[in-house]
Amino acid sequence: MIRVLVADDQALVRAGVRMLLQVAGDMEVVAEAQDGAEAVRLAELHLPDVILMDLRMPRVDGLEASRRVLAARPATKIVVLTTFAEDSDVYAALRAGAVGFLVKDDEPERMVDAVRRAVTGEQLLGPSVLRRVVARFLAAEEEATMPVPAVLTDRELEVLALVGTGLSNAEIAEELHVGITTVKSHVAAAMDKLGLRNRIQAAVVAHRSGLVDAAFRPVRHPRGGPLG
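Calculation criteria
- Residues numbered from 1 in each chain as written.
- Predicted model: local features only at pLDDT ≥ 70, side-chain atom pairs only at ≥ 80, totals over all residues.
- Heavy atoms only, no water.
- Helix = DSSP H or I, 4+ residues; strand = E, 2+ residues; numbered from the N terminus.
- Buried < 20%, exposed > 50% of the residue type's maximum accessible area, 1.4 Å probe, protein only.
- Contact = heavy atoms within 4.5 Å.
- Areas by Shrake-Rupley, 256 points an atom, 1.4 Å probe, with all protein chains shown as cover.
- Salt bridge = Lys/Arg side-chain N within 4 Å of Asp/Glu carboxyl O.
- Polar contact = N/O pair within 3.5 Å; in protein donor to acceptor, adjacent residues only side chain to side chain.
- Axes fitted to C-alpha atoms, helices over the stretch in contact; angles between N-to-C directions.
- Parallel < 35°, antiparallel > 145°, perpendicular 65-115°, else oblique.
- Left-handed = near helix turned anticlockwise from the far one by under 90°.
- Core = buried A, V, L, I, M, F, W, Y, C linked by side-chain atoms within 4.5 Å.

Looking now at the overall build of the protein chain. Helix and strand counts for the protein chain come out as 10 helices and six strands. Looking at the protein chain as a whole, 50% of its 228 residues are labelled buried. In the protein chain, of all internal contacts separated by at least 6 residues, the share reaching a separation of at least 24 is 64%. Here the protein chain displays about 10,800 Å² of accessible surface, and carbon together with sulfur accounts for 53% of that area.

What follows is the structure in structure tokens.
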């Protein structure tokens, strides 16, 4: 059972999130916090696996609360849940140690998926947020393009392209008609070969090397592999 702490200053939001997660069947909301200070205290008390953390809260905001929680217990996974999707918020949350970032108008299923993926170590950004992050990284790069990574196999290139579109491991497995364990192996191999630390960097490489187009669709790579 995945232990979840919900931190949000709106009681209705907390109630809705609790109901959504409990229906999932493999999650338990162990505590609710109405501000960042309470989130830090309850995290120490209940030791949740995942915290769904609102950014805009009184007394202590979600960013500072995330820093304090992770300083005390780095194994905790924090998924930021907010009504905002500003670039500065995304970067600040990632720097604070968050592994996921969802805006509150995302599909409810994505929240459940985010919690599960956080536990397994996957980094998740909602599609709209991923687009912003990748665009900002690309704009900051001196070199806009790069060759298709020659060290990767055709299958690893396929998987890298799908990571670049924002798909989860489970969605990639379904797309390629392979097992999720196989996908995880390919993702890990590609990131290791390219020296990447997280899926955001992988998405940027996929875009810079032409494996994903501006509309976030996988494209056919120069070796002729069926990416599109």
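What the rule picks out here adds up to 13 salt bridges. Arg41 is the partner of Glu38 in a salt bridge, and the nearest nitrogen-oxygen pair spans 3.7 Å. With Glu38 and Arg41 both in helix 2 (residues 36-46) and three residues apart, this pair spans about one turn of that helix. The salt bridge partner of Glu156 is Lys193, with a shortest N-O separation of 2.9 Å.

Take Arg199: it is sitting in helix 10 (residues 199-208). Owing to a relative accessible area of 10%, Arg199 belongs among the buried residues under this scheme. Between the C-alpha atoms of Arg199 and Val163, which are 36 residues apart in sequence, the distance is 7.0 Å. One polar contact links Arg199 to Asn169, side chain to side chain, over a distance of 2.9 Å.

So, about the side chain of Asp213. Relative to the helices and strands, Asp213 is located in the segment after helix 10. At 2.9 Å, the side chain of Asp213 and the backbone nitrogen of Arg217 are in polar contact. Non-local contacts of Asp213, meaning those with residues more than four positions away in its chain, are made with His207 and Val219.

As a further point, take the packing of helix 7 (residues 154-164) against helix 8 (residues 169-176). In contact at an axis separation of 10 Å, helix 7 and helix 8 are set at 130° when each is read in the N-to-C sense. Taken as axis vectors, helix 7 and helix 8 run oblique relative to one another. Crossing of helix 7 against helix 8: the hand is right-handed. Contacts between helix 7 and helix 8 involve Arg155, Glu158, Val159, Leu162 and Val163 from the former and Ile172, Glu175 and Leu176 from the latter.

All buried positions along helix 2 are accounted for by Gly36, Glu38, Ala39, Val40, Leu42 and Ala43. Contacts from the buried residues of helix 2 go to strand 1 (2-7), strand 2 (27-33), strand 3 (50-53) and helix 3 (62-72). You can read the cap of helix 2 off the contacts: a side-chain oxygen lies 3.1 Å from the backbone nitrogen of Ala37, and it is on Asp35. Phi for Leu47, located one or two positions after helix 2, is positive at around 50°.

The next subject is the nonpolar core. Formed by 30 residues in total, the largest nonpolar core has its most connected members in Leu5, Ala7, Ile51, Met53, Ile78 and Phe101. Among the elements that make up this core, the one with the highest residue count is helix 4 (residues 87-96) (five residues). With near-sequence residues (within four places) excluded, Ile78 lies in contact with Ile51, Met53, Ser66, Val69, Leu70, Ala98, Val99 and Gly100. Formed by 21 residues, the second largest nonpolar core is a distinct cluster that contains Leu162, Val163, Ile172 and Ala173.

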